[in-house]
Amino acid sequence: MKQRPIACLALLVFLILSLLPAGFFYEPLQVAEKCEAQVTGQVSRQTEKNDKIQIYLTDCHVESSDIRFDTGQILVYLEETAGYPVGTDLSLSGTIYPIEEPTNPGQFNSRLYYQGKGIAYTFYARKAEVLAVHPSPVRQYLLTLRKRVGEVYEQILDEKDSGLMQAMVLGRKEDLDGEIKELYQKNGISHLLAISGLHVSLAGMGLYRLLRRITGSCAGAGIPAVLFLLAYGWMTGASISTVRAVLMCMLVILADLIGRTSDMLTSIGASALCFMLTSPICVKQSAFLLSYGAVTAIALIPPVWKLYQEKAGRIGQALLVSLSVLLVTFPLLLVFFCEYPLYSTLLNLLVIPLMSVLMVFGFAEGIAGLFCLPAAGVCAVPCRLILRLYEWTGQQCLSLPGSVLSTGCPSGWKVLLYYAVLSAGLLLLYREKRRKKYWRKKEPFHPGKRVLAAGLCPLMLCACLLCLRISSGFEICMLDVGQGDAVFFKAPDGTTCLYDGGSSNVKGVGNYRILPFLQWSGVRTLDYVFISHMDQDHINGLKELAEACENSGSLRIGHAVFPKLAVKDEACEEMEAAFQKAGIPILYMGAGDRFDGEDFSLSCLWPEEDTMSEDRNEQSLVLMAEYREFQMLLTGDIGKETEERLLSSGLLKEVEVLKIAHHGSRYSSSRRFLERVHPAVSLISCSATNRYGHPGAETLERLRDAESRICATKDCGAIRIWTDGKKVRMRCVKKPVFL
């Protein structure tokens, strides 16, 4: 490594930046919550998304009623069909939103993703005014070209194939079919949808070699090729993987121009330094880690593997590359996606070679379509066939047993241990490679098999440790779903339950809050889903989970448990139909019903079978969960009327944890009720911006008088509790705040 100082420097900078928390790199937010504002800035890029214009506005100045500030870039959504040329100065009025950090385990980190692009705010504009136009003909031409080539794909291919080709060739994912995207992700081939080294090297290096053959000059071929790489990289969105590939290709061309040999590790280090020095937060992003992890694996592992397998055919070499990438990126895949497609390595042996053919015909189709649509139609035939093959093989792989290994997110110490063992193993193998280099004996060199075993065996044990998730005790998590309810709990025997799942102000709460949490936890099966009552802020996310069971198979629900009611309303019948359509058995619970496990029980306290009420809230399913000396009471949205009847029943007892009813409404949690249950901890699920004033000041006062510690998701984010039946530990995603 003495001959690779740039690679060593890049590694050092990476390790230093990795030790810093992500928040260290964030732009301080000047606006804590959404507000009306006036924004001025210049258009740097725009795309169409969901019938809206998405504009990247740079050099922005923001003015609201109480603050003025400047920021580098804002993502603007504008409901107009006509866009604005690059270089246009705009004045916009509308609502500005700070991009917030995730408040649940497993939730997508929008703050980290957009901060990598230099964006801290989104802006929904109602009115736009052009202040001035500073023409940028090159950038505008590239965006126009991208749009025209996209239209060619739309005219020649069906909607699904068009979306795929636009993603693969143009980096435009707005029209990508959701089911196809999920299919690629589940099979571990979603890297085909990102513009990366395969795309860039095929286009840029292919052009360079062609021009060099025609002109016979390195400079005559290199300069146009570099300009093309820069233009193509910007046109396709300048993602991390794209820019990394562009930089590395440019370094290869530069080395050729000055008569030097290109070194892959030096190219990796130089391009990584460019990223880390201009945008240090990239070291926290999955795109950077996976992209550089993959190319570093290709540079480091195959050379030492050849010690033991000098002659390998094309298939053997391809398999070696896939396994090398897997060895380096496996922990990262589990950290960011919480699962691994077991057949992805073999599937990539098929899809990657065909990707070169697909790209050649894809480029030809897009370019030919600008001049002659029939010619583009001829080029589209191989594209259709390959895309159909991708889809068919993906579906077949998912139909195989154990197609996806769901592990949940591994602990940080496990990841560090894995990479420490991998580094030690590589050092051992490189020592063996060095021994071969200086071998002077007459007999042929034979690498030590014990060295290989010493490197691989501990690594395999660490890989198994990454996948192993040992849990004990009783686990609870009140998710932050905004103005709604969702409580997950896992019994000591492994039984998994979800009590409600909905929100009135978070769209797609099931797909974007609850399901990611379950994946993060390594939960593919919910044994029981309890529905307290039929208000939408308790059930709309459960409908999405039922659809996930029916369509994608990413989740299995054992039973849906409804309150046992004398009369069912229309919402209850619709909810039952949704679960029945997904093939989920339905159970009913009423007062006196009980589930029993080892040291664990779940008792239903309410409703009674003859309960009749015009208010759904008063018919909520009330459950008491008990584990040894620990009790938790789940109360739905009951009010004082039901609380009085529960007090009269004599079923209530003191509890360690109380899920406060109706999001902390002042009409629930009466003083008598709290005196009886006397909760050590009270959990409130509500939104910081709810219009109901939850939690009510009167409720908080009564809880303080009951000497209960109060935690609300609006302040703490998701609240996690663990107990062994005696000791209780509590963690919050945000900093704990006791009201």
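Residues numbered from 1 in each chain as written. Predicted model: local features only at pLDDT ≥ 70, side-chain atom pairs only at ≥ 80, totals over all residues. Heavy atoms only, no water.

**Student:** Any chance you could break down the nonpolar core for me, citing the residues and the numbers?
**Tutor:** Ranked by internal contacts, the top residues of the largest apolar core, which has 49 residues, are Met168, Tyr184, Leu358 and Tyr390. If you list the elements that add at least two residues to this core, you get α3 (137-156), α4 (159-170), α5 (178-186), α6 (197-215), α7 (218-235), α8 (240-257), α12 (344-369) and α13 (373-399). When near neighbours in sequence (up to four residues on either side) are disregarded, Tyr390 contacts Tyr184, Leu192, Val351, Leu354, Met355 and Leu358. The next biggest cluster of nonpolar side chains, apart from the first, holds 38 residues, and it includes Leu518, Ala571, Phe579 and Ile586. (Core = buried A, V, L, I, M, F, W, Y, C linked by side-chain atoms within 4.5 Å. Buried < 20%, exposed > 50% of the residue type's maximum accessible area, 1.4 Å probe, protein only. Helix = DSSP H or I, 4+ residues; strand = E, 2+ residues; numbered from the N terminus. Contact = heavy atoms within 4.5 Å.)

**Student:** Could you give an account of the environment of Glu656, with specific residues and numbers?
**Tutor:** Locating Glu656 in the fold gives a position in the loop between α19 (640-649) and β18 (657-659). Separated by 26 residues in the primary sequence, Glu656 and Ser682 have C-alpha atoms spaced 8.5 Å apart. When sequence neighbours within four positions are dropped, the list of residues in contact with Glu656 reads Glu629, Phe630, Gln631, Pro679, Ala680 and Val681. Of the polar contacts made by the side chain of Glu656, one reaches the backbone nitrogen of Gln631; its length is 2.9 Å. (Polar contact = N/O pair within 3.5 Å; in protein donor to acceptor, adjacent residues only side chain to side chain.)

**Student:** Lay out the sheet that holds strand β2 (residues 52-64) in plain terms, naming residues and giving numbers.
**Tutor:** What the five strands build is a closed barrel, ordered β1-β2-β3-β5-β4; its pairing is mixed. When the angles between neighbouring strand axes are averaged without regard to direction, this sheet yields 45°. Pairing of strand β1 (residues 35-49) with β2 involves eleven bridges; the strand directions are antiparallel. What sits directly across from Lys49, in β2, is Lys52. (Pairing = 2+ DSSP bridges. Axes fitted to C-alpha atoms, helices over the stretch in contact; angles between N-to-C directions.)

**Student:** Residues and numbers for the packing of aromatic side chains, please.
**Tutor:** In the structure shown here, the tally under the stated rule is 25 aromatic pairs. When the centroid spacing of 5.4 Å and the interplanar angle of 40° are considered together, the rings of Phe69 and Tyr121 count as tilted. Remark: Tyr121 occurs in strand β5 (residues 119-133) and Phe69 occurs in strand β3 (residues 68-78); sequence separation between them is 52 residues. Side by side, Phe69 and Tyr121 carry an identical accessibility label, which is buried. Relative to Phe517, the ring of Phe488 has its centre 5.3 Å away and its plane inclined at 70°; by these criteria the two rings are edge-to-face. (Phe/Tyr/Trp six-rings, centres within 6.5 Å; stacked < 30°, edge-to-face > 60°.)

**Student:** Which residues make up the pattern of salt bridges, and what are the values?
**Tutor:** For the coordinates displayed, the defined rule picks out 24 salt bridges. Here Lys147 ties to Glu48 by a salt bridge, and the two come within 3.5 Å at their closest N and O atoms. Of this pair, Lys147 sits in helix α3 while Glu48 sits in strand β1, placing them 99 residues apart in sequence. What makes Lys147 partly exposed here is its relative accessible area of 47%. Salt-bridge contacts for Lys186 lead to Glu339; the nearest nitrogen and oxygen are separated by 3.3 Å. Linking Lys186 in helix α5 with Glu339 in strand β6 (residues 339-341), this pair joins segments that are 153 residues apart in sequence. (Salt bridge = Lys/Arg side-chain N within 4 Å of Asp/Glu carboxyl O.)

**Student:** Tell me about a positive patch on the surface, and name the residues and values.
**Tutor:** Side chains of Arg469, Arg720, Lys727, Arg729 and Arg731 sit close together on the surface and give a patch of like positive charge. For Arg729, the position within the fold is in strand β22 (residues 728-732). Classification of Arg729 as exposed rests on a relative accessible area of 54%. (Patch = residues over 30% accessible without salt bridge, like charges linked within 9 Å, V, L, I, M, F, W, Y side chains within 5 Å. Areas by Shrake-Rupley, 256 points an atom, 1.4 Å probe, with all protein chains shown as cover. Lys, Arg positive; Asp, Glu negative; His and termini not counted. Charge placed at Lys NZ, Arg CZ, Asp CG, Glu CD.)

**Student:** Quick one: what's the story with the sheet that holds strand β15 (residues 600-606), residue by residue and with numbers?
**Tutor:** Pairing in this open sheet of seven strands is mixed, and the strands run β14-β15-β16-β17-β18-β19-β20 from one edge to the other. Here the strands that pair on one side only, and so sit at the sheet edges, are β14 (594-597) and β20 (709-712). When strand polarity is set aside, the average angle formed by the axes of neighbouring strands in this sheet is 15°. Bridge count for strand β17 (residues 630-634) against β18 is three bridges, and the pairing is parallel.

Just distances and angles here, no functional claims.
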